[in-house]
Amino acid sequence: DIQMTQSPSSLSASVGDRVTITCRASDNIKTYLSWYQQKPGTAPNLLIYSVSTLQSGVPSRFIGSGSGTDFTLTISSLQPEDFATYYCQHSYNTPRTFGQGTKVEIK
Amino acid sequence: QVLLQESGPGLVKPSETLSLICTVSGGFTNNYHWNWIRQPAGGGLEWIGHIYTSGTTYYNPSLRSRITMSLDTAKNQFSLKLSSVTAADTAVYYCARDYYNFPFDYWGQGTLVTVSA
């Protein structure tokens, strides 16, 4: 199984801050990497797929990058609605696996 | 617009079988994978397995011995059965759709299943 490791597990930031979350795969997953946002009591919501392609309706402040084993999600200017937990996930093969999540909290 | 909705008992006794159904509206079409994913309270996401529209299944090896998934195309539904449950199987269970190596683009709202006597 390919393991996905996110860091940090949590962070505190202020509105307007630039935030970066990293995700490392235990094997080469090429560009089969997606990011999801989850708010309490709701299902995860797809933000980015194929490393850097924004899902329809997702604001351009969300930026994905990377390839192979190392990936990054950047929020260029944190907005109040961005406080949530973020997960990376690979779709290179099965089983699909997720990172453990990064909780973005208000400073 | 594709909508997925989970249904099933919210309480299952230890050692019994958890059974859930996902009803799909707006796009139960060919070539998609229909997935089950779970999340314990305060925890991360675990992919359980998927069933392809042909009926082919792939299960997470960590759960494979206890899982059965099936498809009912006439009813636009797919289902999950997880046998011999324990408290560790208590979680919110989601159904979701993906396509080949693309991500999970549509999710159900999730249903909480508690394993308790």
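Definitions and limits used
- Residues numbered from 1 in each chain as written.
- Chains lettered and ligands numbered in written order.
- Predicted model: local features only at pLDDT ≥ 70, side-chain atom pairs only at ≥ 80, totals over all residues.
- Heavy atoms only, no water.
- Helix = DSSP H or I, 4+ residues; strand = E, 2+ residues; numbered from the N terminus.
- Polar contact = N/O pair within 3.5 Å; in protein donor to acceptor, adjacent residues only side chain to side chain.
- Pairing = 2+ DSSP bridges.
- Axes fitted to C-alpha atoms, helices over the stretch in contact; angles between N-to-C directions.
- Disulfide = S-S within 2.5 Å.
- Buried < 20%, exposed > 50% of the residue type's maximum accessible area, 1.4 Å probe, protein only.
- Contact = heavy atoms within 4.5 Å.
- Buried area = accessible area lost by both parts, 1.4 Å probe.
- Salt bridge = Lys/Arg side-chain N within 4 Å of Asp/Glu carboxyl O.

A.B. asks: I'd like a description of the side chain of threonine 102 of chain A, backed by residues and values.
C.D. replies: With respect to the element layout, threonine 102 of chain A can be found in strand S11 (residues 102-106). Within the structure, the side chain of threonine 102 of chain A is placed 2.6 Å from the backbone oxygen of proline 8 of chain A, a separation counted as a polar contact.

A.B. asks: Can you lay out the sheet that holds strand S1 (residues 3-7) of chain B for me, pointing to particular residues and giving the numbers?
C.D. replies: Residue and element names in this part refer to chain B. An order of S1-S3-S8-S7 is seen for the four strands of this open sheet, with the pairing classed as antiparallel. Where the open sheet ends on each side, the last strands, each with one partner, are S1 and strand S7 (67-72). If you compare each strand with its neighbour and ignore which way they point, the axes differ by 20 degrees on average.

A.B. asks: Tell me about the state of the cysteines, residues and numbers included.
C.D. replies: Residues and elements named next belong to chain A. In total, this model carries two disulfides over all chains according to the counting rule given. With its sulfur 2.1 Å from that of its partner, cysteine 23 forms a disulfide with cysteine 88. Because the sign of the S-S torsion sets the handedness, a value of about 75 degrees for the bond joining cysteine 23 and cysteine 88 places this disulfide among the right-handed ones. Of this pair, cysteine 23 sits in strand S3 (residues 19-25) while cysteine 88 sits in strand S9 (residues 85-90); the two residues are 65 residues apart in sequence, bridging distant segments of the chain. When sorted by exposure, cysteine 23 lands in the same class as cysteine 88, which is buried.

A.B. asks: Would you mind going over the interface of chain B and chain A in detail, with residue names and values included?
C.D. replies: Every contact between the two is made by 21 residues of chain B and, on the other side, 20 residues of chain A. The junction of chain B with chain A conceals about 1600 Å² of combined surface from both sides, 61% of it contributed by carbon and sulfur atoms. Looking only at chain B, the three residues that lose the most surface to chain A are Leu45, Asn101 and Pro103 of chain B, adding up to 34% of its buried area. With a closest N to O distance of 3.4 Å, arginine 96 of chain A and aspartate 98 of chain B form a salt bridge. Applying the counting rule to chain B against chain A returns ten residue pairs in polar contact (both at pLDDT 80 or more).

A.B. asks: Quick one: what's the story with the pattern of salt bridges, residue by residue and with numbers?
C.D. replies: Residue and element names in this part refer to chain B. In total, this model carries nine salt bridges over all chains according to the counting rule given. The shortest N-O distance in the salt bridge between glutamate 46 and arginine 38 comes to 2.7 Å. On the accessibility criterion, arginine 38 (7% relative accessible area) is buried. For the salt bridge of aspartate 89 with arginine 66, the shortest nitrogen-to-oxygen distance reads 2.9 Å. Taken together, the positions of aspartate 89 in the loop between strand S8 (77-82) and strand S9 (91-98) and arginine 66 in the loop between strand S6 (57-59) and S7 put the pair 23 residues apart, joining distant regions of the chain. Here aspartate 89 matches arginine 66 in class, with each residue buried. Where salt bridges share partners, they join Arg38, Glu46, Arg66 and Asp89 into one cluster.

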